[in-house]
Amino acid sequence: MVDRLDQPRQQGLRLRPHYDPEAFGRLSEQIARFLGTARFLVYMTVFVAVWVLWNVFAPQEWRFDPYPFIFLTLMLSLQASYAAPLILLAQNRQDDRDRIQNELDRSAAERNQADVEYLTREIAALRIALGEVATRDYIRSELQRLQEELQEPYAPAAAPHSREAR
C-alpha cells in the first residue's frame, strides 16, 4: 500500500511507547532540582554510611555486600547514569526558557529605544517651537514698559470733536 500525502496516516501498531515529552521534562526538572540540594547530599551520605556500616559490622550471614562493596558501587553508578541525562535535560529546558526570555527582553529593549528616540525628537521639536514663543521675561518687560507709559502724565490734546466744542 502506498502512503498518500493528502490523508493522515492510519494508526497502526506502535513498537515504541508513547510518552508526553513535556511531562517528562517537568519530572526531570524536579529530579534535577532535588539532586542539587543539601537534603539529597545528606540522604545519600546517610544511605552510604548505613550500607557500609551494615556490611562491615553486621553478622556475616546478614551481610549482602562484603568489603569491596561491589553492589554499592553498582548502585551509585546506576544512580549517576540516570542523574546525568536528567540534569542535562533540565538544563536544556532552562536554556530554551532563557533564550525565549532573552528574545522577549531584546524586543522590549528595542521598543523602549524606539520610544526614547521618538520622545527625544518630540522634545527637540518643542524646544524649536518654544524658541518662537514669547518668553516670560519678554512679556514681563513689555508689561513694565506699558505700565511706565500709563504712569506718565497724560496730556490730552484738544480734540476737535468734543462735546464742549458743540
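Residues numbered from 1 in each chain as written. Predicted model: local features only at pLDDT ≥ 70, side-chain atom pairs only at ≥ 80, totals over all residues. Heavy atoms only, no water.

Per an unreviewed UniProt entry, the recorded name for the protein chain is Membrane protein, and the organism is Streptosporangium brasiliense.

Peer 1: So what about the overall build of the protein chain? Which residues, and what values?
Peer 2: Helix and strand counts for the protein chain stand at four helices and zero strands. For the protein chain, the α and β elements follow one another from N to C terminus as α-α-α-α. In terms of overall dimensions, the protein chain is more spread out than a globule: its C-alpha atoms have a radius of gyration of 44 Å, far above the 15 Å expected for 166 residues. Principal-axis analysis of the C-alpha atoms places the extent of the protein chain at approximately 145 × 65 × 25 Å. Looking at the protein chain as a whole, 10% of its 166 residues are labelled buried. Split by element, the accessible area of the protein chain, about 15500 Å² in all, is 61% carbon and sulfur. (Helix = DSSP H or I, 4+ residues; strand = E, 2+ residues; numbered from the N terminus. Rg over C-alpha atoms; globule rule 2.2 N^0.38 Å. Buried < 20%, exposed > 50% of the residue type's maximum accessible area, 1.4 Å probe, protein only. Areas by Shrake-Rupley, 256 points an atom, 1.4 Å probe, with all protein chains shown as cover.)

Peer 1: Any chance you could break down helix α2 (residues 38-57) for me, citing the residues and the numbers?
Peer 2: Across its 20 residues, α2 extends 28 Å between first and last C-alpha, which sits within 8% of the 28 Å expected from 1.5 Å per residue. Every buried residue of α2 is listed here: F40, W51 and N55. In an axial view of α2, the angular spread of the buried residues amounts to 15 degrees, which keeps them on one side of the axis. Counted as exposed and oriented over 90 degrees from the buried face of α2: A38, R39, L41, T45, V50 and F57. As for α2, its buried residues are in contact with α1 (21-35) and α3 (70-131). (Expected span 1.5 Å × (residues − 1). Arc of directions from axis to C-beta. Contact = heavy atoms within 4.5 Å.)

Peer 1: So what's going on with unusual backbone geometry? Residues and values would help.
Peer 2: Residues apart from glycine generally show negative phi values, whereas peptide bonds are mostly found in trans. The phi angle at F69 is positive, at roughly 55 degrees, despite the residue not being glycine. Position of F69 relative to the elements: it lies in the loop between α2 and α3.

Peer 1: A description of the side chain of N55 should follow, citing residues and the corresponding values.
Peer 2: Here N55 is to be found in helix α2. For N55, the side chain forms a polar contact with the main-chain oxygen of W51, separated by 2.8 Å. Contacts of N55, omitting those with residues within four sequence positions, involve R63, F64, D65 and F69. (Polar contact = N/O pair within 3.5 Å; in protein donor to acceptor, adjacent residues only side chain to side chain.)

Peer 1: Outline the packing of aromatic side chains, supporting the account with residue identities and numerical values.
Peer 2: Within the structure shown, the criterion is met by eight aromatic pairs. Arranged with centres 5.9 Å apart and planes meeting at 70 degrees, the rings of Y67 and F69 form a pair that is edge-to-face. Judged by its relative accessible area of 67%, Y67 falls in the exposed class. Overall, F69 belongs to the buried group, its relative accessible area being 13%. Chaining the aromatic ring pairs together yields one cluster made of F47, W51, F64 and F71. (Phe/Tyr/Trp six-rings, centres within 6.5 Å; stacked < 30°, edge-to-face > 60°.)

Peer 1: So what about the packing of α2 against α3? Which residues, and what values?
Peer 2: Direction vectors running N to C along α2 and α3 enclose 160 degrees, while the axes themselves pass 11 Å from each other. What the angle tells us is that α2 and α3 run roughly antiparallel. Crossing hand, α2 versus α3: right-handed. Contact residues: F40, M44, F47, V48, W51 and V52 in α2; F71, L72, M75, L76 and Q79 in α3. (Axes fitted to C-alpha atoms, helices over the stretch in contact; angles between N-to-C directions. Parallel < 35°, antiparallel > 145°, perpendicular 65-115°, else oblique. Left-handed = near helix turned anticlockwise from the far one by under 90°.)

Peer 1: Could you give an account of a nonpolar patch on the surface, naming the residues involved and the relevant values?
Peer 2: Together, W54, W62, F64, F71, L74 and M75 line one region of the surface with nonpolar side chains, adding up to about 640 Å² of accessible area. The dominant element in the nonpolar patch, judged by the number of residues it contributes, is α3, at three residues. Tracing the backbone through its elements, the reader meets L74 in helix α3. Residue classification places L74 among the exposed residues on the basis of a relative accessible area of 53%. (Patch = residues over 30% accessible without salt bridge, like charges linked within 9 Å, V, L, I, M, F, W, Y side chains within 5 Å. Salt bridge = Lys/Arg side-chain N within 4 Å of Asp/Glu carboxyl O.)

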